[in-house]
Amino acid sequence: MKLMSSFAISGVVVVSIWGLAMMQFPLMAATEHSDKPDVQVEAPNLTTKQSNPRPNTTEAVKGVRINTMSISGVQQKIAIKHIAKLWETFENQQALNKNLLRYPRKISVYYQNFSQDYQKADVSIGYLSDIVRSANQSTTIKGGRYERVLQKAAHSNEELADAWKKIDYRKNLQSVLEIHYLDASGHPVSSEFMVNYK
Amino acid sequence: MDFLTYSFSTDDIWWLETFIDDWFLVIALSLFVIELIRYGLKKTFTRNLLGDSITNFITLGTFVLIVALVAATYAGVFFYVYDNFKLVELPLTPWTILCCIVLADLAYYWEHRFLHKNGFAWATHTVHHSSPHFNISVAYRHGPLDWLFPLFFHLPLAILGFNPFIIFLAEVVVQVYQTLLHTETVKKLPRPIEAIFNTPSHHRVHHATNKQYLDKNYAGIFIVWDRMFGTFAKEDVKVKYGIYPAVKSINPVTVFFSGYVKLVRQMWHAPNWRYRWNLLIKPPLWAWQQENKNK
Ligand SMILES: [Zn+2]
Ligand SMILES: [Zn+2]
């Protein structure tokens, strides 16, 4: 009986200490919000839509300024519809994950050098280089004015795929930037989709 | 309090662990030299003590070799469980490390109590207890299966979401703390410390053959576990070290395998299979009582 009550007390201790350890999750989420944002929102810019007014468009296109930054991970010329393969390669980068200086808050996907038919591009998937120790495979994301196609929110894969259809291909497409935001345990919680025209 | 949630990389944790491991051996060896000088001054330095100490370091060397052989598998089991069965993923922060050390210490308490209450496990742990002396070198006196039992008691930490690197670090911290307790040089520490933490005084009791001290003070770092679970005893009368019956040998091979050689012999002479099963499962005290009954 004495042994049983000792086991019970141990159980209570384990749950309490575990709870103390897990208290960090909300705390970390709080510091994430206080992080300086890399993206600064400009005033809504509707001029691009004026030439082609669509009455049923509810999503206002916003111009955003993106600072030049560098990401580390994987890069490949690939058909955009095969992007899942590159994600797989990225997720299997053991060495990259071992070299993380701290838990990543976001994963960036950068598309550039599109083929004539826009079916292929140079795609990079990675973490911000400043949280990766000895980053070698890095891509520079050119700063400048981007148009936001999908607001930062939880989007399904279908919505992300649909975002490609909202791109104005008559304009000279320079690059596409997709950012996936992660929670403290590394699971994606929200994403946004932005386009940069030449 | 910001530093408590600063995120480490697994490399940092690994570095910290090997740092503690390496430097601690240097510190322990220098403490041992001080103890030897003390024995010399008190004129209690004997040939048996010298032989016993050398044997302790030989068992350590053998143990380190065995650990080197099983280390990859041991770590592999932790990573497999962590990758497949973790409930959450705790961040690599000092706060997580602190929580893990407390829980690893509780796991150590139960593991240690199990080692004393199970015939098969006692056969390896008896080696640590078999020295009639008590100094830092005794801390390094290991049995052949000393690496096996921590596995089962610490594995649940991986399910709770502690990164295996943090678990290994916590195990090392508890082990290192435990090592420092093996000394007669420190009598008693201030009351509040003796109340919360395991101390040389408390651990001397654990190594005793005195009847009132048997199966007491299993703690690693925090003596509060023993106080909570009713296995605490205070050091008041002088401690007689060792096990009963004594091994009476300073031959490293005899000492290292003493527990299992004895267990195999008992199994061989056992009257039936039920008795054999009990030898493996029941506390060593049971076997001793049976043998005395038959005499
Ligand atoms: Zn013990
Ligand atoms: Zn001990």
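Everything below is about the structure printed above this text.
Residues numbered from 1 in each chain as written. Chains lettered and ligands numbered in written order. Predicted model: local features only at pLDDT ≥ 70, side-chain atom pairs only at ≥ 80, totals over all residues. Heavy atoms only, no water.

Novice: So what's going on with the coordination of the zinc ion (ligand 2)? Residues and values would help.
Specialist: Ideal geometry at a metal centre gives angles of 109.5 degrees when four donors are arranged tetrahedrally and 90 or 180 degrees when six donors are arranged octahedrally. Residue and element names in this part refer to chain B. For the zinc ion (ligand 2), the protein coordination sphere consists of His-128 (NE2), His-182 (NE2), His-203 (NE2) and His-207 (NE2), at 2.0 to 2.1 Å. Here the zinc ion (ligand 2) is ringed by four donor atoms whose angles at the metal span 90 to 164 degrees, and the overall shape comes out irregular. Of note, the donors binding the zinc ion (ligand 2) are all from one chain and are spaced H-x53-H-x20-H-x3-H. In this structure the zinc ion (ligand 1) is found 5.7 Å away from the zinc ion (ligand 2). (Donors = N, O, S within 2.8 Å, 3.2 Å for Na, K, Ca; no water. Tetrahedral: all angles 85-135°; square planar, octahedral: opposite > 155°, others 65-115°.)

Novice: I'd like a rundown of the coordination of the zinc ion (ligand 1), residues and numbers included.
Specialist: All names here are of chain B. Summarising the metal site, the zinc ion (ligand 1) is bound by the protein donors His-112 (NE2), His-116 (NE2), His-125 (NE2), His-129 (NE2) and His-206 (NE2), whose distances to it range over 2.1 Å. Each donor residue of the zinc ion (ligand 1) lies on the same chain, and together they follow the pattern H-x3-H-x8-H-x3-H-x76-H. On the basis of relative accessibility, which here comes to 6%, the residue His-116 falls in the buried class. (Buried < 20%, exposed > 50% of the residue type's maximum accessible area, 1.4 Å probe, protein only.)

Novice: Run through the packing of helix α2 (residues 47-85) of chain B against helix α7 (residues 164-180) of chain B, naming residues and quoting values.
Specialist: Residue and element names in this part refer to chain B. At a closest axis distance of 9 Å, the pairing of α2 and α7 adopts a crossing angle of 130 degrees. Taken together, the axes of α2 and α7 are oblique relative to one another. In this structure, α2 contributes Tyr-74, Ala-75, Phe-78, Phe-79 and Tyr-82 to the contact, and α7 contributes Pro-164, Phe-165, Ile-167, Phe-168 and Glu-171. In terms of residue class, the contact of α2 with α7 is built from nine nonpolar, no polar and one charged. (Axes fitted to C-alpha atoms, helices over the stretch in contact; angles between N-to-C directions. Helix = DSSP H or I, 4+ residues; strand = E, 2+ residues; numbered from the N terminus. Parallel < 35°, antiparallel > 145°, perpendicular 65-115°, else oblique. Contact = heavy atoms within 4.5 Å. Nonpolar A, V, L, I, M, F, W, Y, C, P; charged D, E, K, R; others polar.)

Novice: Can you lay out the interface of chain A and chain B for me, pointing to particular residues and giving the numbers?
Specialist: Of the residues lining the interface, 25 residues belong to chain A; the matching set on chain B comes to 29 residues. Summed over both partners, the interface of chain A with chain B buries about 2300 Å², with 69% contributed by carbon and sulfur atoms. By the criterion of area lost to chain B, the three top residues of chain A are Trp-18, Gln-24 and Tyr-103 of chain A, representing 26% of everything that side buries. Counting every contact that joins chain A to chain B gives zero salt bridges. Applying the counting criterion to the chain A and chain B interface returns five residue pairs in polar contact (both at pLDDT 80 or more). Where the side of chain A that touches chain B is concerned, the elements lending two or more residues are α1 (2-22) and α2 (24-34) of chain A. Ranked by residues supplied to the side of chain A that touches chain B, first place goes to α1 of chain A with 13 residues. Grouping the amino acids of the side of chain A that touches chain B by side-chain chemistry returns 16 nonpolar, five polar and four charged. (Buried area = accessible area lost by both parts, 1.4 Å probe. Salt bridge = Lys/Arg side-chain N within 4 Å of Asp/Glu carboxyl O. Polar contact = N/O pair within 3.5 Å; in protein donor to acceptor, adjacent residues only side chain to side chain.)

Novice: Describe the packing of aromatic side chains, and please don't skip the residues or the numbers.
Specialist: Going through the model one piece at a time under the given rule, you end up with 32 aromatic pairs over all chains. With a centroid separation of 6.0 Å and an interplanar angle of 55 degrees, the aromatic rings of Phe-114 of chain A and Tyr-118 of chain A are classed as tilted. A residue is classified by how much of its surface remains accessible, and Phe-114 of chain A, at 15% relative accessible area, is buried. Classification of Tyr-118 of chain A as partly exposed rests on a relative accessible area of 23%. A ring pair is formed by Trp-15 of chain B and Phe-19 of chain B, whose centres lie 5.1 Å apart and whose planes are at 20 degrees; its orientation type is stacked. You can see Trp-15 of chain B and its partner Phe-19 of chain B sitting in helix α1 (residues 10-41), four residues apart, about one turn around the helix. Take Trp-15 of chain B: its relative accessible area is 53%, and that puts it in the exposed class. (Phe/Tyr/Trp six-rings, centres within 6.5 Å; stacked < 30°, edge-to-face > 60°.)

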